[in-house]
Amino acid sequence: MEERPISDISFRKFLAEEKLMGSKCGKCGKLYVPPRHFCYECGSSQMEWHEMKGEGELAAYTCIFVCPAFMAEEGYGRKNPYCTGVVALSEGLRVVARIEGVDASKPESIKIGMPLKVTFLHRGEGDKAKTYLAFKPA
Amino acid sequence: MMAGSSKRKLGRGVAIVGAGMSNFGMFPDKDSKDLFAEAFAEMLASVDKGIDPADIQAAWIGNFSNDFFVHQAHWGPIIADVTGIVPRAVTRTEGACASSTLAMRDALMAVASGMYDIVLAGGVEEMSKCTTEEVTEGLALATSPYEGEAGYTFPGVFGALATAYFHKYGAGREHLMNITIKSHENAPLNPKGQFKQTIRDLMEAKKARMAKKGEPVPDWADEKEALFDPSFNPPVAWPMHLFDCCPISDGASCILLVAENLAKNFTDKPIYVVGFGQGSGRGLHACPSLTSFEANRQAAAEAYGMSGLKPKDVQFAEVHDCFSIAELIHVEDLGFFPEGEGYKAIAEGETRREGRMPINTSGGLKCKGHPVGATGTAQMYEVWKQLRGEAGERQIPGRDLYIGATQNLGGTGGTCTFTIFERR
Ligand SMILES: [Zn+2]
């Protein structure tokens, strides 16, 4: 798997295999999720894959009542809102991800700082198969 | 010190000598050409000593997504044709909701470099012929790809920033309501705006509708009680509710820029562009702070550096309040209020028209409307009016105005600009 090029396309293929992968700078060790071609810190392009632990805490969130078409197809909408958030990973960086296992119809019950662990949402079939990054209460 | 904040200069001074804006709103009987013609006609009439359109040497026109909204791209030559600038050069610029400020930036650089002496900058967007779902989808094209996949909408990204701000500084929805109420107080004073009613007006209208239908009439004690009532103000992307969000709009705006040495040929009251900055941002996963836009900080550092001015020198500003939380973050990023203190200053009325630092006297995007490609130069239109003392009923009272500014944001903070203007 380490042979895969550093790219968002590879990142998504890893998600389908239930792996949250970032890139690690071969020169200074800085991590990036999703992966980056170049290191912001030292300018190096020697990037290698690094699997993240998938642990973190909620840093920000929103509960969506007016939703895009692809979420409406999953049955979400004004009467059935969903939560999406920003997760601060234990490795010290952030990802944006859907937040499962919380009550999006009671947004105030969701707490910034709550511990979370990674989960993967597989949607669609065949050519339309897609895996979404998500987190749920740890 | 951020990259690019060292003092940069224009090759020569540049002044605005005319400005125009169409009415903003939803206009089923007008297309982008009609709207731009309306703005252009007012711009021509605003040049005190007159301008022959044949003397305009080039133009830049901001447009975000008419390709998507009305299935027509390549707006440069279309606008060239509408205005009679054809066959001279007209270039379209795209920076999401900051598209026309990018047009103005190119126009500014072209005049400052000496390449041209008299140029037009403006923008147009035609959004209301789509359904709300289509507009939501069109606007979401300007979020980061990671945000889109995670189910974020435009208001969703700003909702997430709001929760981070609330958590860090102890603010809440009631503080964002102060911004909405203030914008709606300015709204009836802007004849070109999309909404012209205060929150009080809207509360009374809703009560009347309920009474007419024979349904129980709400008994709200004040504006905030109504805004907390989901039947009046439903959630869109919690904590962003309907009244935290700007509307879907059609409109156009433009300004005429000339070399400083020519300015007095056109008017005795030119407005000089003394500072400009622009920055880029990465989105929620990589930005340094969830309570600030990195692109804003960059833009502000550049514009203050170029002008030699400080935040306290700016007397009033138009900022990009696509969502209420955005206005709060901007007034802190631009240095008008300390980080984490903006919501307190707003609660004390400091950003009202009569306050120490009036923000969005036009009614802001919230009430004036937000035809995205037209917004940047429409903000400049308001500053032009205020600095020349021509803002009518909404003129900032009791103040000799000589420094104003505009801040324009594209996408979810991917592009931010800050421009400082001076009347001498
Ligand atoms: Zn590095």
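Residues numbered from 1 in each chain as written. Chains lettered and ligands numbered in written order. Predicted model: local features only at pLDDT ≥ 70, side-chain atom pairs only at ≥ 80, totals over all residues. Heavy atoms only, no water.

### Quick notes on the overall build of chain B
Across its full length, chain B holds 15 helices and 11 strands. Since a compact globule built from 424 residues should have a radius of gyration of about 22 Å, the 20 Å found for chain B is in line with a globular shape. With respect to the principal axes defined by its C-alpha atoms, chain B has extents near 65 × 50 × 50 Å. Each of the 424 residues in chain B was classed as buried or not, and the buried ones make up 64%. Taking the contacts inside chain B whose residues are at least 6 apart along the sequence as the reference set, 76% of them involve residues at least 24 apart. Within the structure as shown, chain B displays about 14,600 Å² of accessible surface, and the carbon and sulfur contribution to it stands at 52%. Measuring between centres, the 41 positive side-chain charges of chain B sit 5 Å from its 52 negative side-chain charges. (Helix = DSSP H or I, 4+ residues; strand = E, 2+ residues; numbered from the N terminus. Rg over C-alpha atoms; globule rule 2.2 N^0.38 Å. Buried < 20%, exposed > 50% of the residue type's maximum accessible area, 1.4 Å probe, protein only. Contact = heavy atoms within 4.5 Å. Areas by Shrake-Rupley, 256 points an atom, 1.4 Å probe, with all protein chains shown as cover. Lys, Arg positive; Asp, Glu negative; His and termini not counted. Charge placed at Lys NZ, Arg CZ, Asp CG, Glu CD.)

### Focus: the sheet that holds strand S3 (residues 47-51) of chain A
All names here are of chain A. The antiparallel open sheet is built from 3 strands, whose spatial order is S2-S1-S3. The outermost strands of the open sheet, each flanked by one partner alone, are strand S2 (31-32) and S3. In this structure, strand S1 (residues 21-25) lies alongside S2, joined through 2 bridges in antiparallel fashion. Each bridged residue has a counterpart across the sheet, and for Ser23 the counterpart in S2 is Tyr32. (Pairing = 2+ DSSP bridges.)

### Things to note about the environment of Pro145 of chain B
Locating Pro145 of chain B in the fold gives a position in helix H6 (residues 145-149). Sequence separation of Pro145 of chain B and Gly283 of chain B is 138 residues, and the distance between their C-alpha atoms is 9.3 Å.

### Some remarks on the interface of chain B and chain A
Opposite the 27 residues of chain B that make contact, chain A presents 33 residues. Interface of chain B and chain A: buried area, both sides summed, is about 2,500 Å²; carbon and sulfur atoms make up 59% of it. Of all residues in chain B, Tyr146, Glu149 and Trp238 of chain B bury the most surface against chain A, accounting for 29% of the area lost on that side. Scanning the region where chain B abuts chain A turns up 2 salt bridges. Its salt-bridge partner being Glu149 of chain B, residue Arg12 of chain A comes within 2.7 Å of it at the nearest N-O pair. Sorting the residues of the side of chain B that touches chain A by element identifies H6, helix H7 (154-169) and strand S5 (235-238) of chain B as the ones contributing at least two each. (Buried area = accessible area lost by both parts, 1.4 Å probe. Salt bridge = Lys/Arg side-chain N within 4 Å of Asp/Glu carboxyl O.)

### Regarding unusual backbone geometry
For the peptide bond that leads from Val33 of chain A to Pro34 of chain A, omega is -15 degrees, which places it in the cis range. Structurally, Pro34 of chain A can be placed in the loop between S2 and S3. Here Trp238 of chain B and Pro239 of chain B are connected by a cis peptide whose omega angle stands at 5 degrees. Tracing the backbone through its elements, the reader meets Pro239 of chain B in the loop between S5 and strand S6 (240-241). Its identity as a non-glycine residue notwithstanding, His71 of chain B has a phi of 55 degrees, on the positive side. Among the structural elements, His71 of chain B can be located in the loop between helix H2 (66-69) and helix H3 (75-83). Non-glycine residue Ala96 of chain B carries a positive phi angle of around 50 degrees.

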